[in-house]
Amino acid sequence: VSTITDTLDKIDAYADPALIERSRAARKGTMDYAELYRQGVAALVEQEKLTKSLENDGEAATQQARTYIRTIGNPDKAAIAQGILEYTYLIRANEKRYMLYHKPEIFEAMTADFASMMKQIALLEGNIANEEERTQVAAFKKAAEGYETSAHKWVESNDLLFDQIL
């Protein structure tokens, strides 16, 4: 960009009205491009942060479900938690599919699965036996909610990048 503007400055020095008019148009296009480039870089940096957040939150939610299954000692609660664990895998797989294909129906499926998973968490919340279990369920719920928030932010950032910048 600086090379282009330097060249345009040299063209402007000729003081030829026709060249100056073309120079202004080229300068405007160059500055518009430079702004979009900066916005694109910022959006990509944000996408990288959100992708890492998705990975971390998704893994945390999956790990919380695994830990709960191993430590609960109640087969009925373990069965609910196993269903939750399966939802974490399904949701995370759909997340990756959405990142690849950008199809709204994939994100809608992910959102529906997330709602179903949260209903299963609510079942566990309604039948907590002790403080340790309360802490486990709360930690899992927090990780799952963080994951959902990150997913929505990722989609918004991705839409901004592809619909408005690129």
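Residues numbered from 1 in each chain as written. Predicted model: local features only at pLDDT ≥ 70, side-chain atom pairs only at ≥ 80, totals over all residues. Heavy atoms only, no water.

**With respect to the overall build of the chain**
Here is step 1: A count of helices and strands for the chain gives 5 helices and 0 strands.
Here is step 2: In the chain, the succession of α and β elements from N to C terminus is α-α-α-α-α.
Here is step 3: The C-alpha extent of the chain, read off along each of the three principal axes, is 85 × 30 × 20 Å.
Here is step 4: A burial count over the chain gives 31% of its 166 residues as buried.
Here is step 5: Long-range pairs, those at least 24 residues apart, make up 67% of the contacts in the chain with a sequence separation of at least 6.
Here is step 6: Of the accessible surface of the chain, which amounts to about 10200 Å², a share of 56% is contributed by carbon and sulfur atoms. (Helix = DSSP H or I, 4+ residues; strand = E, 2+ residues; numbered from the N terminus. Buried < 20%, exposed > 50% of the residue type's maximum accessible area, 1.4 Å probe, protein only. Contact = heavy atoms within 4.5 Å. Areas by Shrake-Rupley, 256 points an atom, 1.4 Å probe, with all protein chains shown as cover.)

**Focus: the pattern of salt bridges**
Here is step 1: As enumerated under the stated definition, the model contains 11 salt bridges in all.
Here is step 2: Of the charged contacts in the structure, one is a salt bridge between R92 and E59, with a shortest N-O distance of 3.2 Å. With R92 in helix α3 (residues 75-101) and E59 in helix α2 (residues 17-72), this pair connects stretches of sequence that are 33 residues apart.
Here is step 3: The exposure class assigned to R92 is buried, which follows from its relative accessible area of 19%.
Here is step 4: Residue classification places E59 among the partly exposed positions, given a relative accessible area of 33%.
Here is step 5: With its nearest N and O atoms 2.9 Å apart, the salt bridge here joins K77 to E133. You can see K77 sitting in helix α3 and its partner E133 sitting in helix α5 (residues 131-165), a full 56 residues away along the chain.
Here is step 6: By relative accessible area, K77 is classed as buried at 6%. (Salt bridge = Lys/Arg side-chain N within 4 Å of Asp/Glu carboxyl O.)

**Comments concerning the nonpolar core**
Here is step 1: I84, M117, I121, F140, A144 and W154 are the most contacted members of the largest nonpolar core, which totals 29 residues.
Here is step 2: At the level of secondary structure, the elements contributing two or more residues to this core comprise α2, α3, α4 (104-125) and α5.
Here is step 3: Setting aside its immediate chain neighbours within four residues, I84 contacts A65, M117, Q120, I121, L124 and F140. (Core = buried A, V, L, I, M, F, W, Y, C linked by side-chain atoms within 4.5 Å.)

**Topic: the packing of α3 against α5**
Here is step 1: Orientation of α3 relative to α5, taken along the N-to-C sense of each, is 15°, at an axis distance of 12 Å. Between α3 and α5, the interaxial angle falls into the category roughly parallel. Classified by chirality, the crossing of α5 by α3 is left-handed. Together, K77, I84, T88, I91, R92, E95, Y98 and M99 of α3 and E133, F140, Y147, W154, V155 and D159 of α5 make up the contact between the two elements.
Here is step 2: For the contact of α3 with α5, a count of residues per class yields 8 nonpolar, 1 polar and 5 charged. (Axes fitted to C-alpha atoms, helices over the stretch in contact; angles between N-to-C directions. Parallel < 35°, antiparallel > 145°, perpendicular 65-115°, else oblique. Left-handed = near helix turned anticlockwise from the far one by under 90°. Nonpolar A, V, L, I, M, F, W, Y, C, P; charged D, E, K, R; others polar.)

**Observations concerning the environment of M118**
Here is step 1: As for its position among the elements, M118 is in helix α4.
Here is step 2: Using a relative accessible area of 17% as the deciding quantity, one classes M118 as buried.
Here is step 3: For the pair M118 and E145, spaced 27 residues apart in the sequence, the C-alpha separation amounts to 8.8 Å.
Here is step 4: Beyond its immediate sequence surroundings of up to four residues, M118 is in contact with K141, A144 and E145.

**A few points about α3**
Here is step 1: In this model, α3 (27 residues) spans 39 Å end to end at C-alpha, consistent with the 39 Å of a helix rising 1.5 Å per residue.
Here is step 2: Of the residues making up α3, those classed as buried are K77, A78, A81, I84, L85, T88, I91, R92, N94, E95, Y98 and M99.
Here is step 3: Looking at the packing, one finds that the buried side of α3 touches α2, α4 and α5.
Here is step 4: Structurally, the start of α3 carries an N-cap: the backbone nitrogen of D76 is 2.9 Å from a side-chain oxygen of N74.
Here is step 5: Just beyond α3, the residue with positive phi is H102, at close to 55°. (Expected span 1.5 Å × (residues − 1). Polar contact = N/O pair within 3.5 Å; in protein donor to acceptor, adjacent residues only side chain to side chain.)

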